[in-house]
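Given next are the chains, with one letter for each unit.
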Amino acid sequence: MDKPAVAVLFGGRSSEHAISSATAGGVLKAIDRDRFRVVPVGLTRDGAFVLEDDEPAKFALDPARMPEVADNGTRILWPEASGVRELRVRRADGSIESLGGVDVVLPILHGPHGEDGTIQGFFDTLDLPYAGAGVLDSALCMDKHFMKVALQAAGVPVAPWVTVRKGQDAAAAALAAGLSLPWFVKPARAGSSVGVSKVHDLGELDEALRVAFAEDSKVLVEEGLVGREVELGVLESRCGAPTRVSLPGEIVLTAREFYDFEGKYLGGDGVEVVCPADMSDADTAALQDMAVRAFEAVDGRGLARVDFFLTASGPVVNELNTMPGFTPISMFPKVWIAGGMTYGELITDLIETALAR
């Protein structure tokens, strides 16, 4: 029997292109080649689907030279109609070659045009199975404003915030809402802490807004909460079984204002990842329960990482990520590895859940 063919899709048009490419390095290295046939598909920054090299080392996470998908002249030709599963490639010389049938797509794209429901809708239109989140939960969780609205409606606590656009008086809006400094200023639709700043006083607000508006036309000003930063992973289960939730992992800041891009991916000093987090069984159970509630509130499927502040008055959800950082050193794999699952088994789980749909 032929092995299921998995198209590993990475890169993308967002500012998180390099992180997606680095994730591909880990996935291509760890995916179970005895169970799956792999077709690496890169998406360039300009939006071209190309047949990439199946070489994990090419996409290794290197702070000195972040990996990316270059336009090599090939073009992936997706199935031409719903129900057709053949994947083809047009070579640089114009010749067309069949890559065989594709059973499932593993989209490890971050940010707009990948994590926001657009690529998921494309695959739904083609009736092509894919791993991870669907259209609705992707779109909701990509937009931090509407994610908070959905969570609040389900009774899940979130940090107080206001949403502003260019031209609005962000300071007046935040002060009128009673938000206490410090504030976090965030693009509504970006990830990996890109464009995020911490504002200690009003004199820092204009620069923080400039940085955030460079990423998105909609920006959140959010009250900074005091508490432990804890993250949990959630996985969809098959055949009606209960949603699975991981052990908690904790971000411990020792000499850094917040868990920014450098701290997450470039080995920046001043941050430690503790996994599993040192906490009571009661606190762990409360976080796990709320993680599942948050996942269900956004109609989650596939996977998500749920980020919390564990405050003196209880846990507060910071955000959900429907395609969280997935490099071998990222928190999402770490929390599952802490529970006994390997990185390779986690990849297999996502693929098999998609196939079971």
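Residues numbered from 1 in each chain as written. Predicted model: local features only at pLDDT ≥ 70, side-chain atom pairs only at ≥ 80, totals over all residues. Heavy atoms only, no water.

As annotated in an unreviewed UniProt entry, the protein is D-alanine--D-alanine ligase from Microbacterium candidum. As recorded by UniProt, the Sequence similarities (unreviewed entry) comment attached to the protein reads in full: "Belongs to the D-alanine--D-alanine ligase family." Of the protein, the UniProt comment under Catalytic activity (unreviewed entry) reads exactly: "2 D-alanine + ATP = D-alanyl-D-alanine + ADP + phosphate + H(+)". (UniProt positions renumbered as here; feature names shortened; annotations may be inferred.)

A.B. asks: What exactly am I supposed to notice about the sheet that holds strand E10 (residues 197-199) here?
C.D. replies: The strands making up a sheet associate through backbone hydrogen bonding, with each pair oriented either parallel or antiparallel. The strand order across the open sheet formed by four strands is E8-E11-E9-E10, and the pairing between neighbours is antiparallel. Sheet topology places strand E8 (161-165) and E10 at the edges, where each strand pairs with a single neighbour. Neighbour-to-neighbour, the strand axes of the sheet open up by a mean angle of 25°, direction not taken into account. Sheet topology note: the strand E9 (residues 183-187)/strand E11 (residues 218-223) ladder contains five bridges and is antiparallel. Counterpart to Pro 187 in the pairing with E11 is Val 219. With respect to the sheet, helix H4 (residues 144-153) is in contact with E8, E9 and E11, its orientation differing from that of E11 by roughly 50°. Against the sheet, helix H6 (residues 205-213) engages E8, E9, E10 and E11, with an angle of about 25° to E9. (Pairing = 2+ DSSP bridges. Helix = DSSP H or I, 4+ residues; strand = E, 2+ residues; numbered from the N terminus. Axes fitted to C-alpha atoms, helices over the stretch in contact; angles between N-to-C directions. Contact = heavy atoms within 4.5 Å.)

A.B. asks: Explanation requested: unusual backbone geometry in the structure shown.
C.D. replies: Trans is the prevailing form of peptide bonds, just as negative phi is the prevailing case for residues other than glycine. Cis geometry marks the peptide bond from Leu 181 to Pro 182; its omega dihedral reads 5°. Along the chain, Pro 182 falls in the loop between helix H5 (170-176) and E9. Residue Cys 275 is joined to Pro 276 through a cis peptide bond whose omega torsion reads 0°. With respect to the helices, strands and loops of the structure, Pro 276 is situated in the loop between strand E15 (271-274) and helix H8 (281-297). A positive phi angle is found at Asp 299, which is not glycine, with a value near 60°.

A.B. asks: Explain the sheet that holds strand E3 (residues 49-51) to me, please; I cannot follow it from the model alone.
C.D. replies: The strand order across the open sheet formed by four strands is E3-E2-E1-E7, and the pairing between neighbours is mixed. The open sheet has two free edges, formed respectively by E3 and strand E7 (104-107), since each of these has just one partner strand. Direction aside, the axes of adjacent strands within the sheet are offset by 30° on average. Bridge analysis of strand E1 (residues 5-11) against strand E2 (residues 37-43) gives seven bridges, and the strand direction is parallel. Bridged to Ala 7 within E2 is Val 39. Across the sheet, helix H1 (residues 17-30) lies against E1, E2 and E7, angled at about 150° from E1, the strand it touches most. Lying on the sheet, helix H10 (residues 343-356) is in contact with E1 and E7; it crosses E7 at an angle near 135°.

A.B. asks: Explain the pattern of salt bridges here, please?
C.D. replies: Taken as a whole and assessed by the stated rule, the structure comprises 19 salt bridges. The partner of Arg 75 in a salt bridge is Asp 71, and the shortest N-O contact between them spans 3.0 Å. The exposure class of Arg 75 is partly exposed, given its relative accessible area of 25%. For Asp 143, the salt bridge goes to Arg 189, with nearest N and O atoms at 4.0 Å. (Salt bridge = Lys/Arg side-chain N within 4 Å of Asp/Glu carboxyl O. Buried < 20%, exposed > 50% of the residue type's maximum accessible area, 1.4 Å probe, protein only.)

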